[in-house]
Amino acid sequence: MYPCPLFKKGCGGCPLLALPYPGQLQKKQAHVQKLLGGFGPVRPILGMADPWHYRNKAVSTFAAGPGRSLRSGIYAQGTHKVVPVEACLLHHPALDEAIAAVRTAAAACRYEPFNEDTRTGLLRHVLVRHSRAAGEVLVCLVTATPELPGSRAFVAKLRQLCPQVSTVVQNINPRHSSAVLGSAEKILYGRGCIQDSLCGVRFQVSASSFYQVNPVQTELLYNQVIAAAALTGAETLLDAYCGVGTIGLSCAGRARHVLGVEVNRSAVQCAVQNARLNGIRNARFVCADAGKAMLDLAASGQRPDVVILDPPRAGSTPEFLTALDALAPRRAVYVSCEPATQRRDLEFLVQRGWHVEHIQPVDLFPHTEHVESIVQITRM
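Residues numbered from 1 in each chain as written. Predicted model: local features only at pLDDT ≥ 70, side-chain atom pairs only at ≥ 80, totals over all residues. Heavy atoms only, no water.

### A few points about the overall build of the chain
What counts, and what does not: Runs of E in the DSSP output that reach at least two residues are strands. Runs of H or I that reach at least four are helices, and both are numbered from the N terminus. The globule rule used for comparison is 2.2 Å times the number of residues to the exponent 0.38, while the radius of gyration itself is calculated over C-alpha atoms. Here the open area of atoms and residues is found with the Shrake-Rupley method and a 1.4 Å probe, where only the protein chains shown may cover a residue. When charges are counted, Lys and Arg are positive and Asp and Glu negative, with His and the chain ends excluded. Think of each charge as sitting on NZ of Lys, CZ of Arg, CG of Asp or CD of Glu.
A count of helices and strands for the chain gives 9 helices and 16 strands. Computed over C-alpha atoms, the radius of gyration of the chain comes to 22 Å, within 12% of the 21 Å expected from 2.2 N^0.38 for 380 residues, which places it in the range of a compact globule. Once the C-alpha set of the chain is aligned to its principal axes, its extents read approximately 70 × 45 × 35 Å. For the chain, the accessible surface area stands at approximately 16,900 Å², while carbon and sulfur atoms represent 54% of it. Charge centroids of the chain, computed over 39 positive and 28 negative side chains, lie 4 Å from each other.

### Remarks on the environment of glycine 65
In this fold, glycine 65 is placed in the loop between strand E1 (57-64) and strand E2 (70-75). Expressed as a C-alpha distance, the spacing of glycine 65 and proline 84, which sit 19 residues apart in the sequence, is 9.0 Å.

### Concerning the state of the cysteines
Keep this limit in mind: Two cysteine sulfur atoms make up a disulfide if the distance between them is within 2.5 Å. Whether a residue is buried, partly exposed or exposed follows from its accessible area with a 1.4 Å probe, protein chains only, as a fraction of its type maximum: under 20%, in between, or over 50%, in that order.
On inspection of all chains with the given rule, the structure shows 0 disulfides. For the unlinked cysteine cysteine 193, the closest cysteine sulfur is that of cysteine 270, found at 9.0 Å. This cysteine, cysteine 251, is not joined by any disulfide, and cysteine 199 carries the nearest cysteine sulfur, 8.3 Å off. Classification of cysteine 251 as buried rests on a relative accessible area of 1%.

### Some points on the pairing of strand E8 (residues 193-198)
Quick note on the threshold: When DSSP locates at least two bridges between a pair of strands, those strands are taken to pair.
Here 6 bridges tie E8 to strand E9 (residues 201-206), and the two strands are oriented antiparallel to one another. Bridged to leucine 198 within E9 is valine 201.

### Quick look at the sheet that holds strand E3 (residues 82-84)
Put simply, the rule is: Inter-axis angles, ranging from 0 to 180 degrees, are taken between N-to-C directions of lines fitted to C-alpha atoms, where helices are fitted over the stretch in contact. Contacts are assigned to residue pairs that have any heavy atoms within 4.5 Å of one another.
The sheet built from 7 strands is open, its strands ordered E3-E2-E1-E4-E5-E6-E7 with mixed pairing. Two strands close off the open sheet at either side, each with one partner strand: E3 and strand E7 (184-189). Going from strand to strand, the sheet's axes swing by 35 degrees on average, the running direction of each strand aside. By the bridge criterion, 5 bridges tie strand E6 (residues 165-172) to E7 in an arrangement that is antiparallel. Among the inter-strand pairings, valine 168 is bridged to a residue of E7, identified as tyrosine 189. The strands touched by helix H2 (residues 93-108) are E1, E2, strand E4 (123-130), strand E5 (137-143) and E6; relative to E4, the strand with the most contacts, the crossing angle is about 145 degrees.

### Regarding helix H3 (residues 151-161)
Our working rule: As used here, the arc is the angular range of directions from the helix axis to the C-beta atoms.
Of all the residues in H3, the buried ones are Phe154, Val155 and Leu158. Buried residues of H3, viewed axially, fall in a sector of 95 degrees; they line one side. Away from its buried face by more than 90 degrees, H3 exposes Arg152 and Gln160.

### Points about the packing of helix H8 (residues 318-327) against helix H9 (residues 339-350)
Put simply, the rule reads: Geometric relationships in this document are graded by angle, where less than 35 degrees denotes roughly parallel, more than 145 denotes roughly antiparallel, 65 to 115 denotes roughly perpendicular, and other angles denote oblique. Crossing handedness follows the turn of the near helix against the far one: under a right angle anticlockwise gives a left-handed crossing, and clockwise gives a right-handed one.
Packing of H8 against H9 leaves a shortest axis separation of 10 Å and a crossing angle of 40 degrees. For the element pair H8 / H9, the angle class is oblique. In the crossing of H8 with H9, the sense of the turn from one axis to the other is right-handed. Between H8 and H9, the residues in contact are Pro318, Leu321, Thr322 and Leu324 and Asp345, Phe348 and Leu349, respectively.

### Considerations on helix H6 (residues 265-277)
The condition that has to hold: Working rule for helices: expected span equals 1.5 Å times residues minus one.
Along its 13 residues, H6 runs 18 Å from first to last C-alpha, staying within 8% of the 18 Å computed at 1.5 Å per residue. For H6, the set of buried residues is Ala267, Val268, Ala271, Asn274 and Ala275. Looking straight down H6, one finds its buried side chains confined to an arc of 120 degrees; they lie on one side. Facing away from the buried side of H6, by more than 90 degrees, are the exposed residues Arg265 and Arg276. Where H6 is buried, its residues contact E9, helix H5 (246-251), strand E11 (257-262) and strand E12 (283-287). Directly beyond the C-terminal end of H6, a positive phi value near 65 degrees is found at glycine 279.

### A few points about unusual backbone geometry
Although it is not a glycine, arginine 68 sits at a positive phi angle of roughly 65 degrees. Secondary-structure assignment places arginine 68 in the loop between E1 and E2. The exposure class assigned to arginine 68 is exposed, which follows from its relative accessible area of 70%.

### Side note on the packing of helix H7 (residues 290-299) against H8
Here is the rule: Each residue gets one of three labels, nonpolar for Ala, Val, Leu, Ile, Met, Phe, Trp, Tyr, Cys and Pro, charged for Asp, Glu, Lys and Arg, and polar for the others, Gly among them.
As a packed pair, H7 and H8 sit with axes 8 Å apart at the nearest point and diverge in direction by 20 degrees. In terms of axis orientation, H7 runs roughly parallel to H8. Here H7 runs over H8; the crossing is left-handed. Where H7 abuts H8, its residues Ala290, Gly291, Met294, Leu295, Leu297 and Ala298 lie against Phe320, Ala323, Leu324, Ala326 and Leu327. In terms of residue class, the contact of H7 with H8 is made up of 10 nonpolar, 1 polar and no charged.

Now the structure itself:
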């Protein structure tokens, strides 16, 4: 008996759901040990005490139901057929409550779902985010066109059904692509963002912000990163691939100075705003290629004591790793969501005299195949 009725209907969101959670942790531990154990000691994986309802973000896709009713859910694995989802074992319950309220309010306003084949209709998706710290919910309604008739009535009905909704945003996505969000948006109600906190640091979170979806395990992950960085308050820290500054700002209270580098300009702007929000004055963020920025630092004789790198799933690049080697910090902390590409990058560094001190797996996404790993590396 599976705990979720969608497991055999092609949802595909929880491929490990049939395996009891202790078995999932063993599987992930063995995976990291196989890939990275040759570099150094692999510590026991850090799992969740309660591996359910951990997600603070959800996306639901609209489709036509029986009798022209409005339904929403997730694409069946490998298809564009929408499997209706009323509740998900991974979502915080506030997310499912908000999505249900959106469906009811949208149906009351007679909004039609977008049809990918005929390119007609209005509603494409709804993206919802929940703040564990404030209890707020952000609703982002993704439409195919800018017009949203009766938007005030929609917002009023939505908030009546779900008072936790503190802001409503309309995102316009006319493109013929699988991307959920478009580039234009309108704030229909509230501030257009919600506020959450990690490791005692507050963050503004918008519909398009990159923000970890499991706040409980993210705090655990960041605390492990801080421990691996071995900060005493005297260090200069370089946060490469810094995004909106979540790791760097979480470390700022334990470092003398933090420099965050990120190639995405909007993410850098968010990082600067988050530093101001918290009154953090020893953190600076720049928009630049991280590898080039490190080479510039090395050429100018500046040498951070610690580098934290958290690259995308594809891993880092030879150019970045060469720059890291040239910069020669006392230690680096490599955070990865894909141990296979992390292994490739560690081979590159080990060949150049770096040493892996330890490897710490963290289960950030229970019931999925994904596993995070934190590696502390030093110069030989």
